[in-house]
Amino acid sequence: MNSNFHYTYKDIITALKKINFKKYPVIFVSSSLGMLGYCKNASSNYKISSFFFKTFKNYKKNNATFIFPTYSYNENIKKNVFDLNKTKSKLGYFSNFILKKKESIRSIDPFVSVCGFGPKINEILKNLPNNSYGKDCLFSRLVEYNSYCLNIGLGSNWIPFIHHLDYVNNVDFRFNKKFNILIVDKEKKTKLIWNYYSKYKKIKTITDGYKIGHESEKKKIYKSINLGRGKIFYCDYKKLFDLSKKLTKKNHRITLV
């Protein structure tokens, strides 16, 4: 890496090779690519996204499965329609870039959908329940695999299952809410009732994972690698989940600001 914090496509490959994933890993990738600074030979968001996608696609080591958050947070839309092929992610350019790839399979979740590719993706997303959090949801299932959190340009505070923890702990600032949703998948349309763990509108709450992330770094669960002007944080999903569950059991409001 050079002194002015530029990075290259080769640097991306080199950084990921430093992570010792177990066999058949399932890697949950959260990202904010802009935090890494300038990428050489990439003059657009499309080109930068292509570099990362190419790296993941060609990452043959250990037959990895990659999962990306493509949350649309449809709680406030009037028509309550979730189109697997047309509903955009609200998590930025890269997540929408991934959605357009033919290799990607998207989960049926009108609020916090994910998409991904790899040998385990169909198994993981098959027959998910009609609830974003709780028993047998995606965030619960990932505990049963060789799963990892991979935060590119984001810190240890970015915890994918943070609201699932809220559900498990039955916190007093969220509640179960039912939504009538129309699921559209090309020509197929299905009506269903979806359960989403919503915030109370009258309670002004902001949640984050800084306290949990800080503790996970102290216990060396989250580790980091430099890339550009930022970092890649990574950890064992189950180890982070077990620590987070332990911490939130003691203090249900640890995720509240």
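None of these values were measured; they are calculated from a predicted model. (Residues numbered from 1 in each chain as written. Predicted model: local features only at pLDDT ≥ 70, side-chain atom pairs only at ≥ 80, totals over all residues. Heavy atoms only, no water.)

**Student:** Whenever I open this one, the sheet that holds strand β3 (residues 81–83) confuses me. Can you help?
**Tutor:** Each strand in a sheet pairs with another by means of backbone hydrogen bonds, the pair being arranged parallel or else antiparallel. Taken together, the 3 strands give an open sheet; going across it, the order is β3-β7-β8, and neighbouring strands pair in mixed fashion. Of all strands in the sheet, those bounded by a partner on one side alone are β3 and β8 (188–199). Each neighbouring strand pair of the sheet contributes to a mean axis angle of 35 degrees, computed without reference to strand direction. Pairing analysis gives 12 bridges linking strand β7 (residues 174–185) to β8, with the strands arranged antiparallel. Considered in β8, the bridge of Phe175 is made with Ser198. (Pairing = 2+ DSSP bridges. Helix = DSSP H or I, 4+ residues; strand = E, 2+ residues; numbered from the N terminus. Axes fitted to C-alpha atoms, helices over the stretch in contact; angles between N-to-C directions.)

**Student:** What is the right way to look at the packing of aromatic side chains in this model?
**Tutor:** For the coordinates displayed, the defined rule picks out 24 aromatic pairs. Grouped by ring-pair contacts, the aromatic residues Tyr46, Phe53, Phe56, Phe66, Phe68, Tyr93, Phe94, Phe97 and Phe117 constitute a single cluster. In this structure, Lys101 packs its charged tip against the face of Phe53, placed 5.1 Å from the ring centre. Here the guanidinium or amino end of Lys120 rests over the ring plane of Tyr24, the centre of that ring lying 5.9 Å away. (Phe/Tyr/Trp six-rings, centres within 6.5 Å; stacked < 30°, edge-to-face > 60°. Lys NZ or Arg CZ within 6 Å of the ring centre and 35° of its normal.)

**Student:** How do you make sense of the packing of helix α1 (residues 9–17) against helix α2 (residues 45–57) when you look at a structure like this?
**Tutor:** Packed helices, taken two at a time, are described by their axes: the angle between them and the distance between them. Orientation of α1 relative to α2, taken along the N-to-C sense of each, is 40 degrees, at an axis distance of 10 Å. By the criterion of interaxial angle, the relationship of α1 to α2 is oblique. Like other packed secondary-structure pairs, α1 and α2 cross with a definite hand, here right-handed. Within the contact between the two elements, α1 uses Tyr9, Ile12, Ile13 and Leu16 and α2 uses Phe51, Phe52, Lys54, Thr55 and Phe56. (Parallel < 35°, antiparallel > 145°, perpendicular 65-115°, else oblique. Left-handed = near helix turned anticlockwise from the far one by under 90°. Contact = heavy atoms within 4.5 Å.)

**Student:** Help me out: how do you make sense of the environment of Ile27 in this one?
**Tutor:** Within the secondary structure, Ile27 sits in strand β1 (residues 26–31). Once the C-alpha coordinates of Ile27 and Tyr237 are considered, the two residues, 210 residues apart in sequence, prove to be 8.7 Å apart. Residues contacting Ile27, with those up to four places away along its chain left out, are Phe21, Ala64, Thr65, Phe66, Ile67, Tyr148 and Leu150.

**Student:** For this particular structure, what's the right way to read α1?
**Tutor:** Within an α-helix, residues lying three or four positions from one another point in the same direction, as the helix has 3.6 residues per turn. If you check which residues of α1 are buried, you get Asp11, Ile12, Ala15 and Leu16. The buried residues of α1 all sit within an arc of 130 degrees when viewed along its axis, so they share a single face. Facing away from the buried side of α1, by more than 90 degrees, are the exposed residues Lys10 and Lys17. Where α1 is buried, its residues touch α2, β6 (147–152), β9 (223–227) and β10 (230–236). (Buried < 20%, exposed > 50% of the residue type's maximum accessible area, 1.4 Å probe, protein only. Arc of directions from axis to C-beta.)

These values are about where atoms sit, not about what they do.
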